[in-house]
2 protein chains.
Amino acid sequence: MGFWKSLFSGSDSSSPQKIAETDIYNAESQAEGKPATRTDLMRDRPNINSRIFFSTERDIDLYELEELCDAVGWSRRPLRKVKKAIQHSFLVISMWEQRGTQRRLIGFSRATSDHAFNATIWDVVVHPDFQGKGLGKALMRHIIKKLRSEDISNITLFADPQVVEFYRNLGFISDPEGIKGMFWYPD
Amino acid sequence: MGFWKSLFSGSDSSSPQKIAETDIYNAESQAEGKPATRTDLMRDRPNINSRIFFSTERDIDLYELEELCDAVGWSRRPLRKVKKAIQHSFLVISMWEQRGTQRRLIGFSRATSDHAFNATIWDVVVHPDFQGKGLGKALMRHIIKKLRSEDISNITLFADPQVVEFYRNLGFISDPEGIKGMFWYPD
């Protein structure tokens, strides 16, 4: 707890980001019964003057986001459309590493919704340098918590085969009661 | 063709609905190579002074919509939330039967979207009195056409087991490349 408190404390009031320190802490500690250790989180990041936080701000540098998506091998998309998609998503969560005054975008996710019943999570990405540290889980728990706090009861997503297990561990069920995810393809 | 032209013509300028006559006609005729016959559509509706049209208006009588959903056995939902969901859907399509000055809500569907890449279709319903006449297909083709016209490339939905085949016939593919639809359930 001491670690998490110090890691996620000291939010800089000059930062435009909305710090979500307690969310990260709570998600990890409640779900796993213990906080992650510094080693888990910062294995290859020796500089302890680094902290990681979430933001719901939408004024993300689109080139920085493109760089993040490039890093995981996603196909490039027109930035004009990415901007529109961010504007019209119900929820946008970005994850940042801060070292001194330098911020780096290390994760991203967003959800579309009808603001009432359903939300669908899209574009979940964590930079490869920060994978395997529980940050993807923290990001997902944060987005789930936000959606639940908005009274959204049906949280859905479409998972590539290699991440089905990741989502299953977070409480997602594939094809519940035989419900199938379907995609329309032009003839 | 003559039948469809007459069935879907005569839009009443006093109607608050946006008539989408050509959409129904085109969807049916283009996809199946022939228009539906009057028998297909109006099998048990002997009054030929009836016409069916789509609308994208959102000021739907919520009690009428509830009645439609009751008719297919859906669980009731708080009307306050239904109203909010309709307001915040990207696209809302209702299907109406008009006889003289009387209109009856006989179908409904809506889609959430990021207005750029993805759309997810929810709440597809056709009144049991009007099922088996190709109207569900027409409704779906209409919504697909609208979404495509908005440059949405990824049209998705979650299908109950008994309607997977219905959507497959419309060009939807389940679990393409192993992508799984997943739903989050609280612990």
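So, here is what we can say about the structure in this document.

The rules behind the values
- The residue numbers shown here count from 1 along each chain, following its written sequence.
- A letter from A marks each chain and a number from 1 marks each ligand, given out in the order of writing.
- Only residues with pLDDT of at least 70 are given local features in this predicted model, and only at 80 or more are side-chain atom pairs given and counted; all residues enter the totals for whole chains, interfaces and linings.
- To get the side-chain values, take all heavy atoms of the structure and skip hydrogens and water.
- Lining residues are those with an atom within 4 Å of a point, where the points come from a 1 Å grid over the protein atoms alone and group into cavities, where a 1.4 Å probe fits but cannot get out, or pockets, open sets with protein on both sides within 12 Å along at least five of seven lines.
- Grid points are joined across faces, edges and corners, and a volume is the space filled by probe spheres set on the points.
- Here a helix means four or more residues in a row that DSSP labels H or I, a strand means two or more in a row labelled E, and each is numbered from the N terminus.
- Side-chain classes follow a simple rule in which Ala, Val, Leu, Ile, Met, Phe, Trp, Tyr, Cys and Pro form the nonpolar group, Asp, Glu, Lys and Arg form the charged group, and the remainder, Gly included, forms the polar group.
- In summary, the pairing rule links any two rings of Phe, Tyr or Trp, Trp by its six-membered ring, whose centres are within 6.5 Å, and it sorts them by plane angle into stacked for under 30 degrees, edge-to-face for over 60 and tilted for everything else.
- We call a residue buried when its accessible area falls under 20% of the maximum for its residue type, exposed when it is over 50%, and partly exposed in between, using a 1.4 Å probe and counting protein chains only.
- Should the NZ of a Lys or the CZ of an Arg lie within 6 Å of a ring centre and within 35 degrees of the ring normal, that charge is described as sitting over the ring.

Now for empty space enclosed by the protein. Under the defined criterion, the tally for this structure stands at 2 cavities of 30 Å³ or more. Of the voids in this model, the largest cavity is the one considered here, and its volume is about 170 Å³. In terms of lining, the largest cavity is formed by 17 residues, of which the most central are Leu-65, Glu-66, Cys-69, Arg-77 and Val-82 of chain B. Counting only elements with at least two residues in the lining of the largest cavity, the list comes to helix H4 (62-71), helix H5 (79-87) and strand E3 (102-113) of chain B. Element by element, the count of residues in the lining of the largest cavity is highest for H4 of chain B, at 5 residues. A breakdown of the residues in the lining of the largest cavity according to their chemical character gives 10 nonpolar, 1 polar and 6 charged. In this structure, the second largest cavity spans a volume of roughly 140 Å³. Lining the second largest cavity are 17 residues, and of these Leu-65, Glu-66, Cys-69, Arg-77 and Val-82 of chain A lie nearest its centre. Of all the elements in the fold, those that place two or more residues in the lining of the second largest cavity are helix H4 (62-71), helix H5 (79-87) and strand E3 (102-113) of chain A.

Right, let's talk about the packing of aromatic side chains for a bit. Counted under the stated rule, the structure contains 9 aromatic pairs over all chains. With a centroid separation of 4.8 Å and an interplanar angle of 65°, the aromatic rings of Phe-158 of chain A and Phe-183 of chain A are classed as edge-to-face. Linking Phe-158 of chain A in strand E5 (residues 154-159) with Phe-183 of chain A in strand E7 (residues 180-184), this pair joins segments that are 25 residues apart in sequence. By the burial criterion, Phe-158 of chain A is buried, and Phe-183 of chain A matches it. Seen in terms of ring centroids, Phe-166 of chain A and Tyr-167 of chain A are 5.0 Å apart; in terms of plane orientation they differ by 70°. Their pairing is edge-to-face. Against the face of Trp-96 of chain B rests Arg-103 of chain B, its NZ or CZ located 5.5 Å from the ring centre.

Bear in mind that shape data such as this cannot, by itself, settle questions of function.
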